Amino acid sequence: MSLRKQRGIFRLALIALVFFLAADRALAKPAKAGPDPILLLVTDPLAKELACACVKGYGQRDYRKLAARLEAALGQRVSIEFSDDVAESMTTATPRQQVIIIGERGMVTQGAKEAGLKCHPVCALTGLDGATTFSGSFVARSGDAAGELKDLRDRKVFFGLARTDENQTVTREALRAAGVEATARLENRGSYSDAALDVLDSKSSPRPVAVIPSYVLPMLEGCGSVKAGELKVIGKTQPMPFVTVFLGDNIPVEKEQKIVHTLLEIKGDAKLLKAMETRDGFKPIQAATRGKSEARAVQDWPDWRGAGRDGHVPRLPSRLPEKPRFVWKKAAMTGGLAGISVSGGKLILAERDFGDEHDVYRCLNAENGELVWRVEFPARGRLDYGQSPRATPVIHKDYAYLLGAFGDLKCVNLLDGKVVWERQLPRDFQARLPTWGMCSTPLVVDGLLIVNPGSSRASLAALDCVTGRTCWTTPGAPAAYAAFICGEFGGRRQIVGYDQKSLGGWDVKTGERLWRLVPPQEGDFNVPTPVAADGSLVVSTENNGTRLYRFDASGRIIAQPAGEFAGLCPDTVTPVAVRGRVFGVHNGLHCLDLSKSLQPIWHREEPGLGDHATLIADDERVLVITLGGELLLLDGRGNEGAIISRLRMFDQDVEVYSHPALVGTRLYARGGSSVVCLDLQLD
């Protein structure tokens, strides 16, 4: 080959190489139009990449499906990484990278601090039991004479929890409460499995015990590390926050709101709930503020008694302001009974028109109270206690579900209030209207809207949330007035509530009635909502008092109550259950012990309560809203029922039957002829 020809080939090869390198550099260079990927760092010990697959349906959370949902919602790539060490993983992240971390709250908090990462919690993931917490379980060999924590005097306690300050504190508190902190000796172990196995292997006398996370024993037994029944649980610590979502402080507010909205929405996706091994999806947590200009809360109150129908909020204020601090006040029709719902910055108020012939629903801007839209529908008739709607408007995704006292049910677009579909329950299901009208707030579950027409062929009915078509009906008795809940009882997910004569459970998918319980005393109007409490059920009625029920392995209620307290027998007040206690109102304030068959812890007389009140709780305090519009903040953990502070909301005499909504530090309430927004945050 001639030298010229060789040079020509060389030139062509060189040109091709230059072109290839340029093309490769162009491909490697991030596209200008797309933002950098968000890092989703998962440290959840029940993620399938971090746990073993020994127990079917447990410890196999599929976070890749959650990442795909976030990608679709944000229009931005989400890269996912699994680790049991937040601090170590963050060493490879760039300072500008936006990060979402999901893991045990105490470990993430500590790891982020070590890594110098500024972040804040926004949501907590519920487990298969609906709880967002876990406990430390004290375990001993099955043949050990120790049966409870007070038997651990002079024992070694192998510490198998993550080494966070909170885990150490609750462990010592549990030992202190049992009177053995001074003599029990804590010894750290490298992991929960080390702690458990060392208990089995130890030959010392007296035998040591271990404290391990409550969620790990099924996995230890499932993978064969521990034989079933080799270890027994002899006590537990107080519950601690478990799987929590943290967002980096460098994520813009608008994007944060979109992330939180996406997480909260999975509650309506049955397939994703199953993949994430969660009963109720994510529950919101008040976000930390980034300065007064950006202070905001990402929590919503879209339903009766809040997102979980349980009256729970992530955090109540430590004290109430000395005087009401109104963000805004607006006029409202007197006599309003329905609760307030708030979601996505919108508040929905149910009332009547001046002629008392139409149901009126107003959507207000939750920030300033300004009108967004108003709709009204004919609803003529006469009822005891007025004609105003009783059911709380339910906000779900892009819709609001509005049920009037005469049975007129509307699904409207949340954006503009336009009707999407409508049903007339007494007419469509040949039902007789209850004496006080239709009161039960419709229940959204798995894409279905559960209502209780109360006819012989349709005691309950399930409607498609999007179209309103009937998906199933179940025969039974006339309707009662209480709202329904959905929960897992006895290992079976079910709808629980009342008909006119009995308490019952119904299958979510088919409407099949699973069980029926008639109370010993007749005549209950069945107004207070049943309350789920750690897999058990608490009910309160005016003739049968307050009762605690357990369930058998088939999901059927055990007819003999596990606890009873006749002194708490409210006509209308729904109790609230939190951290092993039940708080209720009837002839004063009551606090009952769930672990001791509803034994009273304290009772406090309070003349200003009246015959109705509303209760909202976090893990430490209880907020009572009296009929007269006074706020009472109670110490929920003490044994005396101490009132921390008080605040009167309204100057004039009012009756607050409408359930207020608490979103972050803002309380939305109606009383008399006004609806108000108060900021409960102290300066």
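Residues numbered from 1 in each chain as written. Predicted model: local features only at pLDDT ≥ 70, side-chain atom pairs only at ≥ 80, totals over all residues. Heavy atoms only, no water.

Quick notes on the overall build of the chain
So, point 1. Within the chain one finds 10 helices and 45 strands.
So, point 2. Relative to the globule expectation of 26 Å for 683 residues, the C-alpha radius of gyration of the chain, 28 Å, shows essentially globular dimensions.
So, point 3. Projected onto the principal axes, the alpha-carbon positions of the chain cover approximately 105 × 75 × 55 Å.
So, point 4. The long-range fraction of contacts in the chain, counting pairs at least 24 apart against all pairs at least 6 apart in sequence, stands at 61%.
So, point 5. If you sum the accessible surface of the chain, you get close to 30200 Å²; carbon and sulfur atoms cover 50% of it.
So, point 6. Side chains of the chain carry 85 positive and 81 negative charges; the gap between the two charge centres is 6 Å. (Helix = DSSP H or I, 4+ residues; strand = E, 2+ residues; numbered from the N terminus. Rg over C-alpha atoms; globule rule 2.2 N^0.38 Å. Contact = heavy atoms within 4.5 Å. Areas by Shrake-Rupley, 256 points an atom, 1.4 Å probe, with all protein chains shown as cover. Lys, Arg positive; Asp, Glu negative; His and termini not counted. Charge placed at Lys NZ, Arg CZ, Asp CG, Glu CD.)

A closer look at unusual backbone geometry
So, point 1. For the bond from serine 205 to proline 206, the omega torsion is 0°, close enough to zero to count as cis.
So, point 2. Turning to its location among the elements, proline 206 is positioned in the loop between α6 (192-201) and β9 (209-213).
So, point 3. Of note in the backbone geometry, tyrosine 385 takes a positive phi value of approximately 65° without being a glycine.

Examining the side chain of aspartate 303
So, point 1. The residue aspartate 303 is located in the loop between β13 (282-284) and β14 (326-331) in this model.
So, point 2. Beyond its immediate stretch of four places on either side in the chain, aspartate 303 contacts Arg309, Ser341, Thr392, Val394, Thr441 and Pro442.

A short note on the sheet that holds strand β30 (residues 513-517)
So, point 1. Spatial ordering of the open sheet is given by β27-β28-β29-β30, a layout of 4 strands whose pairing is antiparallel. The open sheet terminates on both sides in strands that have one partner only, identified here as β27 (485-489) and β30. Across the sheet, the mean angle separating the axes of adjacent strands is 30° when strand polarity is ignored.
So, point 2. Summarising the sheet, strand β29 (residues 503-507) and β30 pair through 4 bridges and their orientation is antiparallel. Bridge pairing in β30 links leucine 503 to leucine 517. (Pairing = 2+ DSSP bridges. Axes fitted to C-alpha atoms, helices over the stretch in contact; angles between N-to-C directions.)

Re the pairing of β9
So, point 1. With 5 of 5 residues buried, β9 lies mostly within the body of the structure.
So, point 2. With 4 bridges connecting them, strand β6 (residues 136-141) and β9 associate as antiparallel partners. Residue pairing across strands places glycine 136 opposite proline 213, the latter belonging to β9. (Buried < 20%, exposed > 50% of the residue type's maximum accessible area, 1.4 Å probe, protein only.)

Quick notes on the environment of arginine 513
So, point 1. Position of arginine 513 relative to the elements: it lies in strand β30.
So, point 2. Looking at arginine 513, the relative accessible area reads 22%, which means it is partly exposed.
So, point 3. Note: C-alpha distance between arginine 513 and isoleucine 495 (18 residues apart in sequence) is 9.3 Å.
So, point 4. Contact partners of arginine 513, with chain neighbours within four places excluded, come to Thr474, Asp499, Ser502, Leu503, Gly504, Gly505 and Trp506.
So, point 5. A polar side-chain atom of arginine 513 sits 2.9 Å from a polar atom in the side chain of serine 502.
So, point 6. In this structure the side chain of arginine 513 is engaged in a polar contact, spanning 3.2 Å, whose partner is the backbone oxygen of leucine 503. (Polar contact = N/O pair within 3.5 Å; in protein donor to acceptor, adjacent residues only side chain to side chain.)

As for the sheet that holds strand β12 (residues 243-248)
So, point 1. Read across the open sheet, the 6 strands follow the order β2-β1-β3-β12-β4-β13; overall the sheet is mixed. The open sheet is flanked by β2 (78-82) and β13, the only strands paired with a single partner. Going across the sheet, the axis of each strand differs from the next one's by a mean of 25°, ignoring polarity.
So, point 2. The sheet contacts of helix α8 (residues 253-265) involve β1 (38-42), β3 (99-104), β4 (119-125), β12 and β13, and relative to β4 the element is tilted by about 15°.

Considerations on helix α4 (residues 105-115)
So, point 1. Listed in full, the buried residues belonging to α4 are Gly106, Val108, Gly111 and Ala112.
So, point 2. Following α4 by one or two positions, glycine 116 has its phi on the positive side, about 75°.

Comments concerning the packing of helix α2 (residues 63-74) against α8
So, point 1. Across the interface, α2 lies against α8 with an axial gap of 10 Å and an inter-helix angle of 135°. Looking at the two axes, α2 sits oblique to α8. For the element pair α2 and α8, the recorded crossing hand is right-handed. Mapping the contact onto sequence places Leu66, Arg69, Leu70, Ala73 and Leu74 in α2 and Lys255, Lys258, Ile259, Thr262 and Leu263 in α8.
So, point 2. Residues of the contact of α2 with α8, tallied by class, amount to 6 nonpolar, 1 polar and 3 charged. (Parallel < 35°, antiparallel > 145°, perpendicular 65-115°, else oblique. Left-handed = near helix turned anticlockwise from the far one by under 90°. Nonpolar A, V, L, I, M, F, W, Y, C, P; charged D, E, K, R; others polar.)

Let's talk about the pattern of salt bridges
So, point 1. This structure, assessed with the given rule, holds 34 salt bridges.
So, point 2. Glutamate 187 is the partner of arginine 189 in a salt bridge, and the nearest nitrogen-oxygen pair spans 3.5 Å.
So, point 3. On the accessibility criterion, glutamate 187 (26% relative accessible area) is partly exposed.
So, point 4. Here glutamate 606 makes a salt bridge to arginine 604, at a shortest N to O gap of 3.8 Å.
So, point 5. Judged by its relative accessible area of 11%, glutamate 606 falls in the buried class.
So, point 6. With a relative accessible area of 27%, arginine 604 lands in the partly exposed category. (Salt bridge = Lys/Arg side-chain N within 4 Å of Asp/Glu carboxyl O.)

Some remarks on the nonpolar core
So, point 1. Counting residues in hydrophobic clusters, the biggest one holds 66 residues, and the most contacted among them are Tyr63, Leu66, Ile100, Phe138, Leu152, Val245 and Phe282.
So, point 2. The leading source of residues in this core is α2, at 5 residues.
So, point 3. Ignoring anything within four residues of it in the chain, the contact list for tyrosine 63 reads Leu40, Val42, Asp44, Ala47, Ile80, Phe82, Ile102, Leu125, Val243 and Met276.
So, point 4. Of all hydrophobic cores here, the second largest spans 33 residues; its members include Val313, Ala366, Ile625 and Leu631. (Core = buried A, V, L, I, M, F, W, Y, C linked by side-chain atoms within 4.5 Å.)

Any functional reading would require information beyond the geometric quantities listed.
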